[in-house]
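Survey of secondary and tertiary structure
Take a look at the letters that make up each chain.
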Amino acid sequence: MELKKLEEIFQHKIDNEIKIEPKDWMPEAYRKTNIRQISQHAHSEVVGMLPEGNWITRAPSLKRKAILLAKIQDEAGHGLYLYSAAETLGISRDEMIEQLHSGRAKYSSIFNYPTLTWADMGAIGWLVDGAAIINQVMLCRTSYGPYARGMVRICKEESFHQRQGFEILYVLSQGTDAQKAMCQDAINRWWWPSLMMFGPTDAESSNSEQSMLWKIKRKSNDELRQQFVDMIAEQVKVLGMTLPDADLKWNETKKHYDFGAINWNEFWNVVKGNGPCNKQRLNARIAAHQNGAWVREAAIAYAEKQKNKHKAA
Ligand code: BYC
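Below: a short report on this structure.

The rules behind the values
Starting afresh in each chain, residues are numbered from 1 along the sequence in its written order. With the structure being a predicted model, the display of local features is reserved for residues of pLDDT at least 70 and the display and counting of side-chain atom pairs for 80 or more, all residues being used for whole-chain, interface and lining totals. Processing note: side-chain calculations cover all non-hydrogen atoms of the structure and skip hydrogens and water entirely. Strands here mean DSSP runs of E at least two residues long; helices mean DSSP runs of H or I at least four residues long; both are numbered from the N terminus. Put simply, the radius of gyration uses C-alpha atoms, and a globule should come to 2.2 Å times the residue count raised to 0.38. Whether a residue is buried, partly exposed or exposed follows from its accessible area with a 1.4 Å probe, protein chains only, as a fraction of its type maximum: under 20%, in between, or over 50%, in that order. In what follows, residue pairs with any heavy atoms lying within 4.5 Å of each other are defined as contacts. Here the accessible surface of atoms and residues is derived via Shrake-Rupley with a 1.4 Å probe, and residues count as covered only by protein chains that are part of the display. The length a helix should cover is 1.5 Å for every residue beyond the first. Picture the helix axis, draw a direction to every C-beta atom, and the arc is the one those directions span. Each cavity reported here is a set of points on a 1 Å grid over the protein atoms alone in which a 1.4 Å probe fits but cannot get out, each pocket an open set with protein on both sides within 12 Å along at least five of seven lines, and each lining residue one with an atom within 4 Å of a point. Grid points are joined across faces, edges and corners, and a volume is the space filled by probe spheres set on the points. Classification convention: Asp, Glu, Lys, Arg as charged; Ala, Val, Leu, Ile, Met, Phe, Trp, Tyr, Cys, Pro as nonpolar; all other residues, Gly among them, as polar. Helix axes use the C-alpha atoms of the stretch in contact, all axes being lines fitted to C-alpha atoms, and the angles between their N-to-C directions lie in the range 0 to 180 degrees. In these notes the angle categories are as follows: under 35 degrees is roughly parallel, over 145 is roughly antiparallel, 65 to 115 is roughly perpendicular, and the rest is oblique. By definition, turning the near helix anticlockwise from the far helix through less than a right angle yields a left-handed crossing, and turning it clockwise yields a right-handed one.

Another aspect to go through is the overall build of the protein chain. Along the backbone of the protein chain there are 13 helices and 2 strands. Against the globule reference of 20 Å for 313 residues, the protein chain gives a C-alpha radius of gyration of 21 Å, in line with a compact fold. With respect to the principal axes defined by its C-alpha atoms, the protein chain has extents near 70 × 50 × 35 Å. Each of the 313 residues in the protein chain was classed as buried or not, and the buried ones make up 47%. Contacts in the protein chain between residues at least 24 apart in sequence constitute 76% of all its contacts with a sequence separation of at least 6. Working note: accessible area of the protein chain is about 16,100 Å², and carbon and sulfur atoms make up 57% of it.

Our next topic: helix α1 (residues 3-15). Taking 1.5 Å per residue as the helical rise, α1 with its 13 residues ought to reach 18 Å, and the 18 Å between its terminal C-alpha atoms agrees with that figure. Those residues of α1 lying buried are L6, F10, K13 and I14. On an axial view of α1, the arc spanned by its buried residues comes to 100°, and they lie on one face. Looking at the buried positions of α1, the neighbouring elements they touch are α2 (28-47) and α9 (208-213).

If you add up the space inside the largest pocket, you get close to 1,200 Å³. Around the largest pocket, the lining is made up of 48 residues, and of these R36, Q37, Q40, S108 and M197 lie nearest the centre. Sorting the residues of the lining of the largest pocket by element identifies α2, α4 (62-87), α6 (119-139), α7 (145-173), α10 (221-239) and α11 (264-274) as the ones contributing at least two each. Taken together, the residues that form the lining of the largest pocket break down as 19 nonpolar, 16 polar and 13 charged. For the second largest pocket, the calculated volume is near 390 Å³. Lining of the second largest pocket is provided by 15 residues; of these, V46, M49, L80, Y83 and R285 occupy positions nearest its centre. Looking at the lining of the second largest pocket, the elements that each hand over two or more residues are α3 (49-53), α4, α5 (93-101) and α12 (278-291). The greatest single-element share of the lining of the second largest pocket, amounting to 5 residues, is contributed by α5.

Turning to the packing of helix α8 (residues 177-196) against α10, a few remarks are in order. The interhelical angle for the contact between α8 and α10, taken along N-to-C directions, is 160°, at an axis separation of 11 Å. Relative to α10, the element α8 is oriented roughly antiparallel. Of the two possible hands of crossing, α8 and α10 adopt the one that is right-handed. Together, I187, W191, S194, L195 and M196 of α8 and R225, F228, V229, I232 and L239 of α10 make up the contact between the two elements.

Here's what the structure looks like:
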């Protein structure tokens, strides 16, 4: 079929909310953008296990440990669904992993911050998973079928994550003065990096315009960030805590919260690899990959054995 016709069919699907599926023709740039975003999303889920993994051995009770383990396992699962979705676009898992390890692929800036206290487990669940859900609810309607379907399940799990995080903070907020202070300190440290998760402002977002036209993104970075601020500014009241922003104020005309300026220098510095934990995170992933080589080799040997058994039968 000639190119023009293929482009028309693709555009017709986008215009009519018909999902693009792996075997459909798609513009090369659409394929590349999806590979970039989905693989970076997968990397974020997997690298995102590290800050929380830091607290498994120090969870304050057996129940908390079991919940934290289950949550972190969920993140591993999200990474796997997303790597599989990206593979349907013609990139191999090995290539994606190589891009992460060589620093060519990004992952969410938020996971380059350290987890200093138990309250950080609450702040991650409430704020980081909270920000992730707002972004991912939109992605349930993204135009690439396998990504959209993966997101539906991921969002269900993320909403459990957010509640467990809020509950950790709620318990601390009802506790001793030291526990209350720990809760406030975690909120203070995670608030601004959580706002940065939504990416640069719309004016600075290089990919947004095209991604919105292709319906990969359905809401802009700034729109989602505002939605998050409006939600958290109300929820923080239930905790009896505050957000570290003197400019946070309800705007009756806009029917939204106004908020202070984000430190974009800090954001870009972290994205470029110079955040507090970037090197530690990448080294941990590379070591895990190397130490897992024997598992991959064993799986390949087992698959070969099964294939030969089949042949012989
Ligand atoms: N960090 O043009 P823009 C989770 C990059 S994990 C680092 O707006 P786009 C969880 C961006 O990649 C959830 N880099 O980009 C897991 C681009 O550079 P490239 C993670 C960022 O793609 C474990 C450049 O800046 N969620 O929930 O249109 C435990 C310009 O940006 C960031 C996702 O990954 C950032 N924050 O929009 C707990 C969601 N922001 O690629 C929780 C899927 C931007 O051109 N991703 N950059 O070199 C998306 O929705 C979009 O990719 C973004 C950015 C909204 C993040």
